[in-house]
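# Overview (structure and organization)
Residues per chain, in single letters:
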Amino acid sequence: MSRKKDQRERSAARRRLAKEHRWTYTDWHPERLQLCAGALGVDTEKAMAVDAVSGTLDSHWFSVFDCVTDDPSAARTVYLVQLPAVLPLVAVSRHSLVVDTMVPLLKRLVAERPDRHLYEIGDPAYDAIHVVECVDPETAARLLTPAVREFTDDRRWLEWQVDGGYLFYAQPPGPRRGRDDAHAILTELRSLVDLVEVMDPGLWGEVADAVPGDGDGDGRAGAEKVPGNAGGERRDTVRAAVSDAVPSTGAQSAAGPGGGPSAMVRGGPAHTGVYPKGTLPSGFQAWSVRLPDAVVAAPVVCAGTVYVDCADGRCYALDAVTGAARWSFDAVGALKQTPAVADGTVYVVGESGVLHAVGAADGQERWRQRVGHSGAPVVADGLLYVVHHPANLLRDASRIRALDAATGEERWERRLPDGSAAAAAVADGRVYVQGARAQLTAFDAVSGEELWHQGSTASQLSCCTPSVAHGIVCAGTGAGQLYAYDAATGEQLWGVQAAGVVDNTPALTEGVVFAGDSHGGVYAVDGNDGGLLWHLPNRYGASSPAICGSSGWIVGTKYGRGLFKISLSAGVVLWRHALDGRGTGPVYADGVVYVGTHAGTVLAVDAETGRKPARARRNLRV
């Protein structure tokens, strides 16, 4: 194919790509080449930027163009993504697959340039080495953060560079393909945009407002600013609320007459997602355990033991410090709900519809009760509450049962106004259940008397378990609303709209509500009026955070394959850890964060650093 015909076809393909995504196309754009000519090592008077496509992708301004010269073998496609702020350095990250070839070459090249510095970080136990060539040693050290290292660990080898305010990738020079591969262009561009998104925005300094050329993005990353004069006051509110967040009385109420330690979904019977502060156990090292089947519900941690329900039908008890197996209990039927632990007993309900009470120390069954397909069990003040889920959630009714936690004897049973796909929440002598059509009902915890009911005619399926604290009940809906109600009367206090479905139980501290949805990310809203405090965007959604003090931990990104630590006061990412499959909601206990994955892994990492397990501590078998 002649060079002119090749160029015509590529130009037409770029125009189609720009039209399909509503981006801008330009035949010739010399300004684009000026942005990275130095890093590319080309003379702007002898090279051209042609077939340029520019626009925004996930709020990040980008440009894709071909850098061509008189030499056809030197042509290459260049991808530019604007960073939140200017950072004058050049960086290269190398995966271990190319350590033996590329890293020695890079070292040799840098050694020939005495004005440059070479920094590297790597450990044979961690299967990766990362190299930064930089004019500023301090900046190099800041760049080698867990967020960036973890991102490159779980993807194919990628060379990326930062020049000024742009992150860019240039394909190797060579003859251009006869046809433009739009899929390849989008794949490369997406990898760069994803890299920008996982970086802590604080790494790059203050957000830059300027957007070059014809780009129409705002170049922002991280938390959204709150508009209006109330922004500063609202941020002060969230900082004060989360500075010393502790579990409320309702969240950690006594489990039974024995008053022993308890743990269940979202931290306690009120499901606030707030966990007490603790120190890292002596001798703890990050670990991961591989179970025979998927872990689809969050584990619970109680008195030094991690209890995990697995889809293979077994409940596993693991040592919280080492990950070693203590016992397993066969429930005969897939286990897909978080177990509850109270007063020395573990309560497990499986797909078979049988509720098992198992000794926390030895894994021996104490009693069983048929309850039907149900949500996660909840224990409070000596009573065990289970909500039955009908086969057709939008047509058939559900029922809630209260059982004696010690014997399994039924105390009361009530029919719910509609079907339910959630678990009960218990606080201050009341039980709250949300229905599949977003109806919310409160019962007396001891007698089962209905106290109030909030009706709804929603048609979208709602699966959110409510949370209760500080006199309010919060729940999300299938239509993406987040509501707050007066816990005593059922009066609606406020409602806000999220970008996606809110199926994750909101986290509550005094004065602030945190919620994750299916498409927008994580939101912090004022508990008094629902006003937005900050928003940490993620187009794939996120879990609600597990909270301890001023920090939170969430699971998010595409297919839920990332564990993040975030600042609750500012709404920014502090570190990121890649997961081997879709993750459950995170759990915090004694300075450690635990999470399960659909690949069958249970992971335990230091809550402060997020450092992943060394090779010898990975994929331990039970």
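Our structure's up above, just so we're on the same page.
Quick look at the structure, then. (Residues numbered from 1 in each chain as written. Predicted model: local features only at pLDDT ≥ 70, side-chain atom pairs only at ≥ 80, totals over all residues. Heavy atoms only, no water.)

### A short note on the overall build of the protein
Definition in use: We count a stretch as a helix when DSSP gives it H or I for four or more residues in a row; a strand needs E for two or more, and each element gets its number in order from the N terminus. In this scheme, a residue with accessible area under 20% of its type's maximum is buried, one over 50% is exposed, and one in between is partly exposed, where area comes from a 1.4 Å probe on protein chains only. We call two residues contacting when some pair of their heavy atoms lies within 4.5 Å. Computed by Shrake-Rupley with a 1.4 Å probe, the accessible areas treat only the displayed protein chains as cover when residues are assessed.
Helices and strands together make up the secondary structure of the protein, namely eight helices and 42 strands. Looking at the protein residue by residue over its 622 residues, the buried ones come to 57%. Sequence-distant contacts in the protein: of pairs separated by 6 or more residues, those separated by 24 or more amount to 54%. Of the roughly 25000 Å² that the protein leaves accessible, carbon and sulfur atoms contribute 49%.

### Comments concerning the state of the cysteines
Here is the rule: Disulfide assignment relies on a single distance test, namely cysteine sulfur atoms paired within 2.5 Å.
For the coordinates displayed, the defined rule picks out zero disulfides. Its sulfur unpaired, C310 is 9.9 Å from the next cysteine sulfur, which belongs to C315. C310 sits in the buried class, given a relative accessible area of 0%.

### A look at the pairing of strand 17 (residues 354–359)
Cut-off, in case you're wondering: In this description, strands pair whenever DSSP reports at least two bridges between them.
Most of strand 17 sits out of view: six of its six residues are buried. Where burial is concerned, the two faces of strand 17 agree: the one with V354, H356 and V358 and the one with L355, A357 and G359 are both buried. Two strands pair when backbone bridges link them, and strand 16 (residues 345–349) and strand 17 are joined in this way by five bridges, in the antiparallel orientation. In the strand pairing of strand 17, T345 is matched with G359.

### Structural notes on the sheet that holds strand 14 (residues 325–330)
Note the cut-off: Axis lines are fitted through C-alpha atoms, for helices just across the contact stretch, and the angle between N-to-C directions can take any value from 0 to 180 degrees.
Pairing is antiparallel in the open sheet, where four strands are placed in the order 11-12-13-14. Of all strands in the sheet, those with a lone pairing partner are strand 11 (300–302) and strand 14, marking the two edges. Pairwise comparison of adjacent strand axes, ignoring direction, gives a mean angle of 20° for this sheet. Where strand 11 and strand 12 (residues 305–309) come together, three bridges link them in antiparallel fashion. Paired with V300 across the strands is Y307, a residue of strand 12.

### Focus: the environment of E351
Within the fold, E351 resides in the loop between strand 16 and strand 17. For E351 and L335, which are 16 residues apart along the polypeptide, the C-alpha to C-alpha distance reads 6.2 Å. Excluding its chain neighbours within four sequence positions, the residues that come into contact with E351 are A334, K336 and H373.

### Notes on the packing of aromatic side chains
For clarity, the cut-off: Whether two aromatic rings pair depends on their centres lying within 6.5 Å, for rings of Phe, Tyr and Trp, where Trp uses its six-membered ring; planes under 30 degrees apart make the pair stacked, over 60 edge-to-face, and the rest tilted.
Applying the stated criterion across every chain, the model contains 10 aromatic pairs. With a centroid separation of 6.0 Å and 45° between ring planes, the pair formed by Y307 and W327 is classed as tilted. Taken together, the positions of Y307 in strand 12 and W327 in strand 14 put the pair 20 residues apart, joining distant regions of the chain. With respect to burial, Y307 and W327 carry one shared label: buried. Consider the rings of Y483 and Y485, whose centres lie 6.1 Å apart with planes at 40°: the pair is tilted. Accessibility expressed as a relative area gives 5% for Y485, which makes it buried.

### A few points about the sheet that holds strand 35 (residues 546–548)
Read from one edge to the other, the open sheet built from four strands follows the order 35-36-37-38, with strand pairing classed as antiparallel. In this open sheet, the two edge strands, each paired with only one partner strand, are strand 35 and strand 38 (573–578). Looking at each pair of strands side by side, their axes are set apart by 20° on average, direction ignored. The sheet contact formed by strand 35 and strand 36 (residues 551–556) spans three bridges and is antiparallel. Bridge assignment links A546 to a residue of strand 36, and that residue is W553.

### Looking at the nonpolar core
A general trend in soluble globular proteins is that nonpolar side chains are found buried together. Counted only if it meets this: We define a nonpolar core as any set of buried Ala, Val, Leu, Ile, Met, Phe, Trp, Tyr and Cys residues linked to one another through side-chain atoms lying within 4.5 Å.
The biggest cluster of nonpolar side chains holds 34 residues, and the ones touching the most others in it are W287, L291, L318, L563 and Y594. Apart from residues lying up to four places away in sequence, L563 is in contact with I554, V555, W575, R576, H577, L579, P586, V593, V595 and V605. L355, L383, A402 and L416 belong to the second largest nonpolar core, which has 29 residues in total.

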